[in-house]
Amino acid sequence: RSENARRGVRRTVLVLAAIAVAIYVAFILSGVTAS
Amino acid sequence: MATHSAVADHHDDHGHKQTFVERWFFSTNHKDIGTLYLIFSFVMFIVGAAMSVVIRAELAEPGLQFVKPEFFNQMTTVHALVMIFGGVMPAFVGLANWMIPLQIGAPDMALPRMNNWSFWILPFAFTMLLLTLFLPGGAPAGGWTLYPPLSLQGGANVAFAIFAIHMMGISSIMGAINVIATILNMRAPGVDLLKMPIFAWSWLITAFLLIAVMPVLAGAVTMLLTDKFFGTSFFNAAGGGDPVMFQHIFWFFGHPEVYIMILPAFGVVSEILPTFSRKPLFGYQAMVYAIASIAFLSFIVWAHHMFTVGMPLGGELYFMFATMLIAVPTGVKVFNWVSTMWKGSLSFETPMLWAIGFVILFTIGGFSGLMLAIVPADFQYHDTYFVVAHFHYVLVTGALFSIIAATYYWWPKWTGRMYSEFWGKFHFWWTIVFVNLLFFPQHFLGLAGMPRRIPDYNVVFADWNLVSSIGAFGMFLTPFMMFAILYVSLKSGAKAEARSWEGARGLEWTVPSPAPHHTFTVPPVIKEGDLAHGDFEHLDYDTATTGADTAAHQNARQS
């Protein structure tokens, strides 16, 4: 429950959410370039 | 024994007693949300099983008996979507919610409010999906793989199903982010990564798989949506698109997805076998590395689902060999499970029976998978009932058996009640008989050439189809049997000890049964023998804590 752990949680969430969005966009772009 | 501050059920300690709506609809408690996931999954298993009974009733004899071919195809499609996204996946997320904080000594999940949203999206998603059965033209009928152009020939159901799949994906991604954030940031002091229970490890790796591939599925169905409604030609050959590209993108999601459904099952079995063998898991680190290896390999084998689509020879060879490579880490796991039991002080309580059933029957499914990996053989097997037999062995006697095993194993911790061992074992043996009657003959049908996804068939396939259908009718009774066993346990079962099983190790067994609403509100101080792994100098199963000891501990803690 420390501020340190809170910061860790926040950083983990932001990085993972960014990865998920990037993969979604990348696969649609791959469809755009391939078709 | 870990020190533990919460000894009573304090879910009314928020200044007032929580109402039913506050507790269940606005819940931020990992145990309540875990319970919601498990109840939802049970309901969806019943819905999916009802569809399988329609399928097997139609196939019990040659000729069309009960339903139109179009409706039959809707049943096979929605049965798969409901069982995968509504049954197996939420069941494992429910187990993760309940057990991961307890196993790592955390007070809750890292993101409790997002946890609530992850769950409550699902009932709306599946309402949306199941409502398509009542639309003109019915539900999606092109198979759960949604291959275009067939999948785009539906009516309004396409939009409903795609929206539902988007919602399921968002739910899964948020759940996975929550698991990773919890495990990486909330472990109690002393719970190093390589001292974590294998179930937590299996879920950590599974969560990374989910974050990697659920966006891929979302991208695939988004492109289906725009092809159907907005004039794009991603998969439309007439517009310069490529329907085979959809298959590649879908299976780039789909193969990791099938490992998402089995890795947590591996974790569950790795918890149960040591408990009832009364010795530590054999090869703990190898088990962790095997899970990670399987997860990595799951990304580079996707086209083995497409051997007959017309790939270059080099592609066929690469995907064949890469697929066979998965047998190595999987074999490591099976040998380690057997070695865990070797020279153990074995007892065969209900969870152990389901876990041993898993090891034997999942391995049968693994072997048929190896047969399917052989390209020239797959030219014969592809799209036959042999494939159906294969994936039902790994998903029913694999994933579902582990979910049932986990439920019996942790039920005393969840409810504080024991269930009837007699009826638990009856449930197991009944299932063993009927699940094998149901699925084993499907190997014969497939090898004889019976195709998948057909409502009628040549009379030569009649006998084994009848046997398979009898198995299905017997299997359909099992969820109701399990419900009755657990309901009676909840109402009148014997009180459970904190350490409900003599050989159980790990932090979850240091809290009372039933687990208080809030646990580890202050990080536990870990004592000798609390952890199941990485603490071997303190693991002394020969002088295992007895039931009387745990009762004494419990009383001491409550006084």
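Residues numbered from 1 in each chain as written. Chains lettered and ligands numbered in written order. Predicted model: local features only at pLDDT ≥ 70, side-chain atom pairs only at ≥ 80, totals over all residues. Heavy atoms only, no water.

## Some words on the overall build of chain B
- Secondary structure assignment for chain B yields 18 helices and 0 strands.
- Computed over its C-alpha atoms, the radius of gyration of chain B comes to 24 Å, within 12% of the 24 Å expected for a compact globule of 559 residues.
- For chain B, the C-alpha atoms occupy an extent of roughly 75 × 50 × 45 Å along the three principal directions.
- Looking at chain B as a whole, 62% of its 559 residues are labelled buried.
- Here the analysis covers contacts within chain B between residues at least 6 apart in sequence; of these, 83% occur between residues at least 24 apart.
- Of the roughly 20700 Å² that chain B leaves accessible, carbon and sulfur atoms contribute 70%.
- Chain B carries 24 positive and 31 negative side-chain charges, and their two centres are separated by 5 Å. (Helix = DSSP H or I, 4+ residues; strand = E, 2+ residues; numbered from the N terminus. Rg over C-alpha atoms; globule rule 2.2 N^0.38 Å. Buried < 20%, exposed > 50% of the residue type's maximum accessible area, 1.4 Å probe, protein only. Contact = heavy atoms within 4.5 Å. Areas by Shrake-Rupley, 256 points an atom, 1.4 Å probe, with all protein chains shown as cover. Lys, Arg positive; Asp, Glu negative; His and termini not counted. Charge placed at Lys NZ, Arg CZ, Asp CG, Glu CD.)

## Considering the interface of chain B and chain A
- If you look at the interface, chain B gives 26 residues, while chain A gives 19 residues.
- Three residues stand out in chain B for area buried against chain A, namely Ile-177, Asn-185 and Phe-234 of chain B, and they jointly supply 25% of the buried area on that side.
- In this assembly, chain B and chain A are joined by 2 residue pairs in polar contact (both at pLDDT 80 or more).
- Among the elements of the structure, α5 (157-185), α6 (198-229) and α7 (243-260) of chain B are those that each provide at least two residues to the side of chain B that touches chain A.
- A per-element tally of the side of chain B that touches chain A places α6 of chain B first, with 9 residues.
- Residue composition of the side of chain B that touches chain A, grouped by class: 18 nonpolar, 8 polar and no charged. (Buried area = accessible area lost by both parts, 1.4 Å probe. Polar contact = N/O pair within 3.5 Å; in protein donor to acceptor, adjacent residues only side chain to side chain. Nonpolar A, V, L, I, M, F, W, Y, C, P; charged D, E, K, R; others polar.)

## A few points about the environment of Trp-410 of chain B
All names here are of chain B.
- Inspection of the secondary structure puts Trp-410 in helix α14 (residues 385-415).
- With relative accessibility at 0%, the residue Trp-410 sits in the buried group.
- In sequence terms Trp-410 and Ala-532 are 122 residues apart; their C-alpha atoms lie 16 Å from each other.
- Here the side chain of Trp-410 touches Glu-508 through a polar contact of 3.2 Å, side chain to side chain.

## Brief notes about a nonpolar patch on the surface
- Taken together, the side chains of Val-21, Val-25, Leu-29 and Val-32 of chain A define a hydrophobic patch exposed on the protein surface, amounting to about 330 Å² of accessible area.
- Inspection of the secondary structure puts Val-25 of chain A in helix α1 (residues 3-34). (Patch = residues over 30% accessible without salt bridge, like charges linked within 9 Å, V, L, I, M, F, W, Y side chains within 5 Å. Salt bridge = Lys/Arg side-chain N within 4 Å of Asp/Glu carboxyl O.)

## Describing the environment of Lys-68 of chain B
All names here are of chain B.
- Note on placement: Lys-68 falls in the loop between α2 (30-59) and α3 (69-104).
- Its relative accessible area of 62% is what places Lys-68 among the exposed residues.
- A C-alpha to C-alpha distance of 43 Å links Lys-68 and Val-334, two positions 266 residues apart in sequence.

## A look at the nonpolar core
Residue and element names in this part refer to chain B.
- One finds Phe-85, Phe-126, Trp-203, Trp-337, Phe-358 and Trp-410 to be the most contacted residues of the largest nonpolar core, which totals 185 residues.
- Ranked by residues supplied to this core, first place goes to α3 with 21 residues.
- Apart from the residues lying within four places of it in its own chain, the contact partners of Trp-337 are Phe-266, Val-269, Ser-270, Leu-273, Leu-281, Met-287, Phe-358 and Val-359.
- With 6 residues, the next largest nonpolar core counts Phe-307, Met-311, Phe-319 and Met-320 among its residues. (Core = buried A, V, L, I, M, F, W, Y, C linked by side-chain atoms within 4.5 Å.)

## As for the pattern of salt bridges
All names here are of chain B.
- Using the criterion set out here, one finds 2 salt bridges over all chains in the structure.
- Here Arg-23 makes a salt bridge to Asp-32, at a shortest N to O gap of 2.9 Å.
- A salt bridge links Glu-502 to Arg-278, with the nearest nitrogen and oxygen atoms 2.5 Å apart. One end of the pair, Glu-502, is in the loop between α17 (478-492) and α18 (547-558); the other, Arg-278, is in the loop between α8 (263-277) and α9 (284-297), and 224 residues separate them in sequence.
- By relative accessible area, Glu-502 is classed as partly exposed at 39%.

## With respect to the environment of Val-213 of chain B
All names here are of chain B.
- Relative to the helices and strands, Val-213 resides in helix α6.
- For the pair Val-213 and Glu-508, spaced 295 residues apart in sequence, the C-alpha to C-alpha distance is 31 Å.
- Once you skip the residues sitting within four places of it in the chain, Val-213 turns out to touch Phe-252, Phe-253, Pro-256, Ile-260 and Phe-299.

## Quick word on the side chain of Asn-97 of chain B
- Within the secondary structure, Asn-97 of chain B sits in helix α3.
- Since its relative accessible area comes to 2%, Asn-97 of chain B is described here as buried.

## Some words on helix α12 (residues 350-373) of chain B
- With 24 residues, α12 of chain B ought to run about 34 Å at 1.5 Å a step, and its terminal C-alpha atoms sit 34 Å apart, in line with that.
- Of all 24 residues in α12 of chain B, 18 are buried, a share of seventy percent or more. (Expected span 1.5 Å × (residues − 1).)

Keep in mind these values describe shape, not function.
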